[in-house]
Amino acid sequence: MLYPALITEALATVRYPGSGKNLVELGMVEDDIRIAGDNVSFTLIFDKATDPFKASLLKSAEAAIHRAAPEAVVEIKTATRQAAPKVEKAPALPGVKNIIAVSSGKGGVGKSTVAANMAVALAAEGYRVGLLDADIFGPSVPKMFGLENEELYMHEVEGRNLIIPAEKYGVKVLSIGFLIDPASAAVWRGAMASNALKQLIEQADWGELDYFLIDMPPGTSDIHLTLVQTLGITGAVVVTTPQQVALADARKGIAMFRYDKINVPVLGLVDNMAWFTPEKHPDERYFLFGPEGAVDALAAEYGVPVLARIPLVAAVGEHSDNGSPIALENTASALAFVHLAHELIDAVDRRNNELPPTSKVEMR
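Throughout what follows, the structure given in this document is the object of discussion.

### Notes on the sheet that holds strand E1 (residues 34-36)
Taken in spatial order, the three strands line up as E1-E2-E3 in an open sheet, and their pairing is mixed. The open sheet has two edge strands with one neighbour each: E1 and strand E3 (73-80). The average undirected angle you get between the axes of adjacent strands in this sheet is 20°. Bridge analysis of E1 against strand E2 (residues 39-46) gives three bridges, and the strand direction is antiparallel. Across the sheet, Arg 34 pairs through a bridge with Ser 41, a residue of E2.

### Side note on the environment of Lys 252
Along the polypeptide, Lys 252 turns up in helix H7 (residues 244-258). A relative accessible area of 55% means that Lys 252 is categorised as exposed. In this structure the C-alpha to C-alpha distance between Lys 252 and Gly 219, which are 33 residues apart in sequence, comes to 7.9 Å.

### Here's the deal with the pattern of salt bridges
All chains considered together, the criterion is met by nine salt bridges. Across the pair Glu 148 and Lys 143 runs a salt bridge, and its minimum N-O distance is 3.9 Å. Using a relative accessible area of 42% as the deciding quantity, one classes Glu 148 as partly exposed. A salt bridge links Asp 271 to Arg 309, with the nearest nitrogen and oxygen atoms 4.0 Å apart. Remark: Arg 309 occurs in strand E13 (residues 306-312) and Asp 271 occurs in strand E12 (residues 266-276); sequence separation between them is 38 residues. Its relative accessible area of 4% is what places Asp 271 among the buried residues. When salt bridges with common partners are traced through the structure, they connect Lys 97, Arg 128 and Asp 210 into a single cluster.

### Some details on the side chain of Thr 113
Relative to the assigned elements, Thr 113 resides in helix H3 (residues 111-124). In this structure Thr 113 comes out as buried when scored by relative accessible area, which is 16%. Setting aside its immediate chain neighbours within four residues, Thr 113 contacts Met 144, Val 316, Ser 320 and Phe 337.

### Details of the packing of aromatic side chains
A complete count under the given rule lists six aromatic pairs for this structure. Note on Phe 145 and Tyr 169: the rings are 5.9 Å apart at their centroids and 40° apart in plane angle, and the pair reads as tilted. Of this pair, Phe 145 sits in the loop between helix H4 (141-144) and strand E6 (153-157) while Tyr 169 sits in the loop between strand E8 (166-168) and strand E9 (171-175); the two residues are 24 residues apart in sequence, bridging distant segments of the chain. Among the residues examined, Tyr 169 registers a relative accessible area of 28% and is labelled partly exposed.

### Brief notes about the sheet that holds E9
With respect to topology, eight strands assemble into an open sheet ordered E8-E9-E5-E10-E4-E11-E12-E13, the strand pairing being mixed. Lying at the two open borders of the sheet, with one neighbouring strand each, are E8 and E13. Neighbour-to-neighbour, the strand axes of this sheet turn through a mean angle of 25°, independent of strand direction. Across five bridges, strand E5 (residues 129-133) lies against E9 in parallel orientation. Counterpart to Leu 131 in the pairing with E9 is Val 173. Together, strand E4 (96-104), strand E10 (209-215), strand E11 (235-240), E12 and E13 form the strand contacts of helix H10 (residues 332-354), whose direction differs from that of E13 by roughly 165°.

### Concerning H7
Counted at 1.5 Å a residue, the expected span for H7 with its 15 residues is 21 Å, and the 21 Å between its end C-alpha atoms agrees. Taken together, the buried positions of H7 are occupied by Ala 246, Leu 247, Asp 249, Ala 250, Gly 253, Ile 254, Met 256 and Phe 257. Projected onto a plane normal to the axis of H7, the buried residues spread over an arc of 165° and lie on a single side. Pointing more than 90 degrees away from the buried face of H7 are the exposed residues Gln 244 and Lys 252.

### Re the environment of Asn 39
Mapped onto the secondary structure, Asn 39 falls in strand E2. Considered as a pair, Asn 39 and Ala 72 are 33 residues apart in the sequence and their alpha carbons are 5.8 Å apart. Leaving out residues up to four positions away in the same chain, Asn 39 has contacts with Leu 2, Arg 34 and Val 73.

How each quantity is defined
Residues numbered from 1 in each chain as written. Predicted model: local features only at pLDDT ≥ 70, side-chain atom pairs only at ≥ 80, totals over all residues. Heavy atoms only, no water. Pairing = 2+ DSSP bridges. Helix = DSSP H or I, 4+ residues; strand = E, 2+ residues; numbered from the N terminus. Axes fitted to C-alpha atoms, helices over the stretch in contact; angles between N-to-C directions. Buried < 20%, exposed > 50% of the residue type's maximum accessible area, 1.4 Å probe, protein only. Salt bridge = Lys/Arg side-chain N within 4 Å of Asp/Glu carboxyl O. Contact = heavy atoms within 4.5 Å. Phe/Tyr/Trp six-rings, centres within 6.5 Å; stacked < 30°, edge-to-face > 60°. Expected span 1.5 Å × (residues − 1). Arc of directions from axis to C-beta.

See below:
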């Protein structure tokens, strides 16, 4: 007498070549076994219609059933397993219009100062702005915004618990510096730092933003790869001084963004500490770090604009140390950052009109 369990037990003796598992274990026996007298029919499911072992497995399955029930008349149908539909992952920051990487080839060129003042200047123009301090090993944005003792809280948004960014001067701010002791060094391996950074991006309630600025670590590192693999970055602003050492490293930064697998548009350069001007003699200029026009030559070499030239003025550093970026003031130094914000807006508009949106990098 034929019964379904007899058929299943027989098929469990047939192994798929090279796998060490039988047809039942692999889920290849469809739940459609039909028995009518001596007639038995069922379906075997294959991952591919062109499975190279299909013919031999059909013969082996029939033979296994005949060993268990010699009188059986066997009909085996085949089907191809339906692949699960690919679910497109929602973008990490669906409410953000433009994501700007503020980068530098080397440390000490004022990248964080530029990022902080640019964010404040954009917010003062009425734009919705976020600033992420992605410099895992040297976070300085909390101090520049007077948020060193800030405590972070979470709230629920559509069933998810999300970090609430701090907000000051109209800018939403998050930094790894909020999560570690300011007096301690962040001794993290690359993977730990990358995971912490992804958490600040994907598990925070950034909301609707016109500009999301990322103060990136200097140089090129795992953190940079994490960012381009997590976000589709609209464009990069490269900060440098006119010093030859800084310009050489700025070249490496530009090359990284232009690498064909990353392909992030470079919106322009910022010539920071372009000259020294004594506050009491605003018309005087002393070129301490390099000749006038050195950054222009690099910009011309790569066909990108110089977005702004920021003078070296003591008040810029003093305001940063006091937690009140100088872009909040009405001084010549503040106007340099306001000008930079305007140039960034224009550069982003040109980029968005001429190029398709940047996709996050898929690296295998």
